[in-house]
Amino acid sequence: MPFNLHCFQLRRALTAFAVCAWPGALAAQQPCSAESVAAIETAWAAYRRDSLDLAEGQFLRGEAGCAGRVDAVVGLGFVALRRGALDRADSLFSVALERDPKQVDAWEGRARTAWRRGNAAATTRAAREALALAPDRTDLRELLDRSSPGWERPPLPPRRRPDTLGVPARTAGERFEVLGAEGNWHPFYIKGVNFGVALPGKFPSEFPTDSSLYAGWLDTLGAMHANTIRTYTILPPQFYRALRAWNLAHPVNPLWLVHGVWTELPPEHDFDDMSWKGGFRDEMRHVVDLVHGSAEIPPRPGHAAGRYDADVSRWTLAYIIGREWEPFAVKEFDQQHPDARSYRGRYLEVASGPAMDVWMAEQCDYLLAYEVDTWNSLRPIAYTNWPTLDPLTHSTEANTDQERQWRRQAGREAPGRRLEYENDAIGLDANLVRPTAQNPAGWFASYHAYPYYPDFLLFDPDYSRASSSEGRSNYFGYLTALHYHHRGLPFIVSEYGVPSSRGLAHLQPQGWHHGGLDERQMAEVDARLTREIRESGAAGAIIFAWMDEWFKKNWIVIDLEIPGEHTRRWHNVMDAEQHYGILGQYAGEESERPVLGGEPWPWRRLDSLAGGGQELRVLRAGSDASYLYLSLQLPTGPLDWNTVGIQLALDTYRADLGQRALPDALVRGSIGWEFLIDLRSPDSATIRVTPSYNPYVGRGGIVGGDDFGRFYRRPVTPGSAGDGRFDSLFVITNRARFGRDGTFFPAQGYDRGVLRHATEATTTLADWYHDAAAGLIEIRVPWGLLNVTDPSTRTVLFDDPARAREDPDAGDFGTATTDGVRVGAVLYRKGNRPRAIATLPARSGNAWSRAAFRTYTWTPWEEPRSHSRLKPVYDSLRTLWREP
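Cut-off values and rules
Residues numbered from 1 in each chain as written. Predicted model: local features only at pLDDT ≥ 70, side-chain atom pairs only at ≥ 80, totals over all residues. Heavy atoms only, no water. Helix = DSSP H or I, 4+ residues; strand = E, 2+ residues; numbered from the N terminus. Rg over C-alpha atoms; globule rule 2.2 N^0.38 Å. Buried < 20%, exposed > 50% of the residue type's maximum accessible area, 1.4 Å probe, protein only. Contact = heavy atoms within 4.5 Å. Areas by Shrake-Rupley, 256 points an atom, 1.4 Å probe, with all protein chains shown as cover. Lys, Arg positive; Asp, Glu negative; His and termini not counted. Charge placed at Lys NZ, Arg CZ, Asp CG, Glu CD. Expected span 1.5 Å × (residues − 1). Salt bridge = Lys/Arg side-chain N within 4 Å of Asp/Glu carboxyl O. Core = buried A, V, L, I, M, F, W, Y, C linked by side-chain atoms within 4.5 Å. Arc of directions from axis to C-beta. Polar contact = N/O pair within 3.5 Å; in protein donor to acceptor, adjacent residues only side chain to side chain. Pairing = 2+ DSSP bridges. Phe/Tyr/Trp six-rings, centres within 6.5 Å; stacked < 30°, edge-to-face > 60°. Lys NZ or Arg CZ within 6 Å of the ring centre and 35° of its normal. Axes fitted to C-alpha atoms, helices over the stretch in contact; angles between N-to-C directions. Parallel < 35°, antiparallel > 145°, perpendicular 65-115°, else oblique. Left-handed = near helix turned anticlockwise from the far one by under 90°. Nonpolar A, V, L, I, M, F, W, Y, C, P; charged D, E, K, R; others polar.

*Asks:* How would you sum up the overall build of the chain? Please name residues and give values.
*Replies:* Across its full length, the chain holds 23 helices and 41 strands. Relative to the globule expectation of 29 Å for 884 residues, the C-alpha radius of gyration of the chain, 30 Å, shows essentially globular dimensions. Along the first, second and third principal axes, the C-alpha set of the chain runs to 95 × 90 × 50 Å. Of all 884 residues assigned to the chain, the portion counted as buried reaches 60%. Sequence separation of 24 or more characterises 70% of the internal contacts of the chain that already satisfy a separation of 6 or more. Put simply, the chain shows about 33,300 Å² of open surface, and 51% of that area lies on carbon and sulfur atoms. Considering the chain, the positive charge centre built from 99 side chains and the negative charge centre built from 111 side chains are found 4 Å apart.

Below, the structure written as structure tokens:
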């Protein structure tokens, strides 16, 4: 690439800072001010935390005052690379190499940029250049492994089995202990974080391979006073190298590792299937070997791979194998093998138990035996369990047959399919397993336990009467029951927490819901759950999760996220599963996105849709991977909400379909509206939907008892109407149910369409705000409230009426591609006979013409733009975990 083109692209990247005025400037070494050096150091720290806006700003500041510092240009290149701006990144790395051809990080950047482009040959050339300059860089070797599998590399050192058994951690009574450097055992309470690492736009198996990113995250978790990280599956080699480096630098307070062994369900629910079980055990061996820094794992679809040479075994606290098994699979396996079994292994034994309990003990024993035989090392082990498979009996949780019987007796038969598993039909009991005399490391019980589900946590009379030292708590009641059952054996809560999503999927008596909490409330609840877990007698707690992961799905919205493989591309704020993170992942560029109650300029630069009036001056629209943004320019000053209100009608698909009249006949027209935002006052605002386009059964499901098996109604089409009717967005979150004794528990739900007037500084669940000083009505509407199933491809709900009516429970919802959104705004006078005062666009008489509307259309994307920041829960847990 010609030098002048490098300079031109670099000028664009550095905006106002011209650093390529002439070729000689590349060789010039401008003295660096202390401020510039500090800015560059701050930038790298921000980059490692994934705070890309801050990193870019600080790199630019450092470059401006220190043009001789190549690392500022390299840093800007890595920022561009992480954002997916590959041309920009390559140009910046090229400029850095023009300045310093021996700049290792710049060569690495060129290699990684080429890899992202799919150019294996260019990746290999650049990675070889980097490796020649830094032969000890194992991350460069891993990159070469992927780009050129046949390149020559030295073999891993030969394995050496120590002569004496190594036991870095053990269980003692109901607690864990770790071995200190002086050879003494110390009590250890687990203060852990589940380490999911799927960045926005990525599948869960698309792990980051940036070692600096892992290093920054470990720094952040260490400063939080966490003492444990849990991984569910094998991560890339860069993670283990970063963990080893961090622990070597922090010998007094290392980060301990709890490692998982992941698998999916076996075919036909046959856990003895030889091929499937063989694959599970292969994964166990990989985990054990990589923990000891000696594994070569070949590339496999959906898995991490590479050369694992970082020995982290001295800081590996325990293993937790398997996943949350579905009760129906465990039940079927036990039924296939109805006779009680026993098992006598080298390190674990079961005197007598059901088939699945014995099977789990056998797999755990296999892993322990392999580690001893290969590495002469042993540590505690458990399998993953959760409340739906706990060993307790819950009178309020009927199985399917029992519920059908009670429904028949009560005359409340329910059509449709049941959208959940049987949550008290069968169990797994860690008490059936015992360590043998050869096992000094021990055994423990591990549960994923959240406060809001299953429903027996909400209804069990003993749990409802329970109180911790902080007050009433169904969750504490359940935990103390678990502790009592497992007395004498350590049990840990290896997943817990509440999400900070706008959407709510399940209600809980103390308000610790599955979603519907803002980030401050999330911090308060997570801190209380953390304290109650410890008070219940648990041996530790591992919060879920390190970061928000956009690929996740929740039952209440999963059928409306279409296509499912695109969920990772957008952040559905109505999906609770995407909002558990300590490190929040947010759509858009942090410095540019409109903020409710923030600076007015981002709202005023949205696309203009209509303008020219006095009372309503300009209507604008914009969007990102989470929201549709709307702004309405008014005269400055307060509004008299006692006498006036504002409505915004939205046409999201086909102007010829939808509701052609607004309520009270305020305005009619030739455009059909799917949604209506009604701002009656700061205390009373909603978004509603034309009835035929509402996918949920609504309040009628509670009144009619239809909520047992059918949450949706079909078909979902905009239809065509002129009666001014719009439905609420009410959804059932807790279905009606019967207990084993016939006790009836009514359904519960909430109106998703209630809009909250607030600034984002006040609550992260704010929906709209009237900035009187700026004369702005500011609104952000989640895509999930507008029946947009995938904003990255402009996909919306649109059922085939004939197919959906034929069988409402068959097949996926239908979809279509929208050309965009049309919006009309109305300022109206309240009273017995409401009337329109002003509209945008202008109306003719009492009607809108289709020609008056501009369509807001956004550009589809494959890689979303996003930014991250720590949520308040980080500080609440840092304060809590500071104590021993």
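*Asks:* For helix α10 (residues 211-223), give the residues involved together with the corresponding values.
*Replies:* Between its first and last C-alpha atoms α10 spans 18 Å; for 13 residues at 1.5 Å apiece the expected length is 18 Å, and the two agree. Among the residues making up α10, those that are buried are Leu213, Tyr214, Gly216, Trp217, Leu218, Thr220, Leu221 and Gly222. Two residues or fewer past α10, His225 is found with a positive phi of approximately 75°.

*Asks:* Just give me the short version of the pattern of salt bridges, but keep the residues and values in it.
*Replies:* Between side chains of opposite charge, a pair can form when the charged atoms approach closely. Here the structure, examined in full by the defined rule, presents 58 salt bridges. Among the salt bridges present, the one from Arg112 reaches Glu108, with a minimum N-O distance of 2.7 Å. Here Arg112 and its partner Glu108 are both found in helix α7 (residues 104-116), four residues apart, which amounts to about one turn of the helix. Residue Arg112 is classed as buried on the basis of its relative accessible area, which comes to 10%. Residues Asp272 and Arg341 are paired through a salt bridge, measuring 3.8 Å at the closest nitrogen-oxygen approach. Taken together, the residues Asp272 in the loop between β6 (256-261) and α12 (274-291) and Arg341 in strand β10 (residues 341-344) connect sequence positions 69 residues apart. According to the relative accessible area criterion, Arg341 is partly exposed, its value standing at 25%. Several salt bridges share partner residues, and in doing so they unite Asp53, Glu56, Arg83, Arg88, Glu589, Glu592, Arg605 and Arg865 into one network.

*Asks:* Tell me about the nonpolar core, and name the residues and values.
*Replies:* Membership of the largest hydrophobic core comes to 117 residues, with the highest contact counts inside it found for Phe195, Trp217, Phe239, Tyr240, Ile321 and Tyr475. If you tally residues by element for this core, the top one is helix α14 (residues 355-375), at 13 residues. With near-sequence residues (within four places) excluded, Ile321 lies in contact with Val261, Phe280, Met284, Met360, Gln363, Cys364, Leu367, Ile381, Ala382, Tyr383 and Thr384. If you look at the next biggest cluster of nonpolar residues, it comprises 72 residues, including Trp603, Leu632, Leu729 and Val823.

*Asks:* Provide a residue-level description of helix α15 (residues 400-410), including the pertinent values.
*Replies:* Of all the positions in α15, only Thr400, Glu403 and Arg407 are classed as buried. Along the axis of α15, the buried residues cluster in a sector spanning 65°; they form a single face. Facing away from the buried side of α15, by more than 90 degrees, are the exposed residues Asp401, Arg408 and Gln409. At the N-terminal end of α15, a side-chain oxygen is found 3.2 Å from the backbone nitrogen of Asp401, two or three residues along, and the residue is Asn399.

*Asks:* Would you mind going over the sheet that holds strand β24 (residues 658-661) in detail, with residue names and values included?
*Replies:* What the four strands build is an open sheet, ordered β28-β24-β25-β40; its pairing is mixed. The sheet is open, and its two edges are formed by β28 (720-721) and β40 (847-848), each paired on a single side.

*Asks:* Break down the packing of aromatic side chains for me, with residues and values.
*Replies:* Here a ring pair, both rings aromatic, is described through the centre-centre distance and the interplanar angle of the planes. Scanning all chains against the criterion turns up 40 aromatic pairs. By the ring-pair criterion, three or more aromatic residues cluster together here, those being Phe195, Tyr214, Trp217, Phe239, Tyr240, Tyr308 and Trp546. Across from the ring centre of Tyr189, 4.0 Å away, lies the NZ or CZ of Arg534, which sits over that ring.

*Asks:* Which residues make up the side chain of Asp526, and what are the values?
*Replies:* Position of Asp526 relative to the elements: it lies in helix α19 (residues 519-535). Of the side chains with opposite charge, Lys871 comes closest to the buried, unpaired Asp526, at an N-O distance of 8.0 Å. Here Val498 takes part through its backbone nitrogen, which lies 3.0 Å from a polar atom of the side chain of Asp526.

*Asks:* I'd love a proper account of the pairing of strand β11 (residues 348-353), names of residues and values included.
*Replies:* As defined by bridge partners, β10 adjoins β11 across three bridges and the pair is classed as antiparallel. Residue pairing for β11: Arg344 is matched across the bridge by Glu349. The loop that links β10 with its antiparallel partner β11 comprises three residues.

*Asks:* Can you break down the environment of Ile677 residue by residue, with the values?
*Replies:* By secondary structure assignment, the location of Ile677 is in strand β26 (residues 675-681). For the pair formed by Ile677 and Ala649, sequence separation is 28 residues and the distance between their alpha carbons is 6.3 Å. Not counting the four nearest positions on each side in its chain, Ile677 is found in contact with Leu630, Ile646, Gln647, Leu648, Leu650, Thr686, Ile687, Leu755, Ile779 and Val781.

*Asks:* I'd like a rundown of the sheet that holds strand β23 (residues 644-651), residues and numbers included.
*Replies:* Spatially, β27-β26-β23-β38-β39 is the arrangement adopted by the five strands of the open sheet, whose pairing is antiparallel. Here the strands that pair on one side only, and so sit at the sheet edges, are β27 (684-689) and β39 (835-840). Geometrically, the sheet is characterised by an average inter-axis angle of 20° between neighbouring strands, direction not taken into account. Where β23 lies against strand β38 (residues 822-829), eight bridges are found, and the strand directions are antiparallel. The residue bridging Gln647 from the neighbouring strand is Val826, located in β38.

*Asks:* Let's hear about unusual backbone geometry: which residues, and what values?
*Replies:* Geometrically, the link from Tyr453 to Pro454 is a cis peptide bond, its omega value of 0° lying close to zero. Among the structural elements, Pro454 can be located in the loop between β14 (445-448) and α16 (456-459). Look at the link from Ile562 to Pro563: it is a cis peptide, with omega at -5°. Position of Pro563 among the secondary structure elements: in the loop between β18 (540-543) and β19 (583-587). The phi angle at Arg794 is positive, at roughly 55°, despite the residue not being glycine. One can find Arg794 in the loop between β35 (788-790) and β36 (795-797). Given a relative accessible area of 17%, Arg794 falls into the buried group.

*Asks:* Can you tell me about the pairing of strand β21 (residues 618-623), naming the residues and giving the values?
*Replies:* Among the six residues that make up β21, five are buried, leaving the element largely enclosed by the rest of the structure. With four bridges joining them, strand β20 (residues 607-611) and β21 adopt antiparallel strand pairing. Bridge pairing in β21 places Asp607 opposite Ala621. Connecting β20 to the next strand, β21, in antiparallel fashion are six residues, including Gly612 with a positive phi near 115°. Bridge count between β21 and strand β22 (residues 627-633): six bridges; the pairing is antiparallel. Residue Ala621 lies in a different strand from β22, and its bridge partner there is Leu630. Counting the residues in the hairpin turn of β21 and β22 gives three residues.

*Asks:* Residue-level account of the packing of α10 against helix α11 (residues 237-249), with values.
*Replies:* Running from N to C, α10 and α11 cross one another at 45°; their axes reach a closest spacing of 9 Å. With respect to α11, the element α10 is oriented oblique. Like other packed secondary-structure pairs, α10 and α11 cross with a definite hand, here right-handed. Here Ser211, Tyr214, Ala215, Leu218, Asp219 and Gly222 of α10 come into contact with α11, specifically with Gln238, Phe239, Ala242, Leu243 and Trp246. Here the contact of α10 with α11 is built from residues that sort into seven nonpolar, three polar and one charged.

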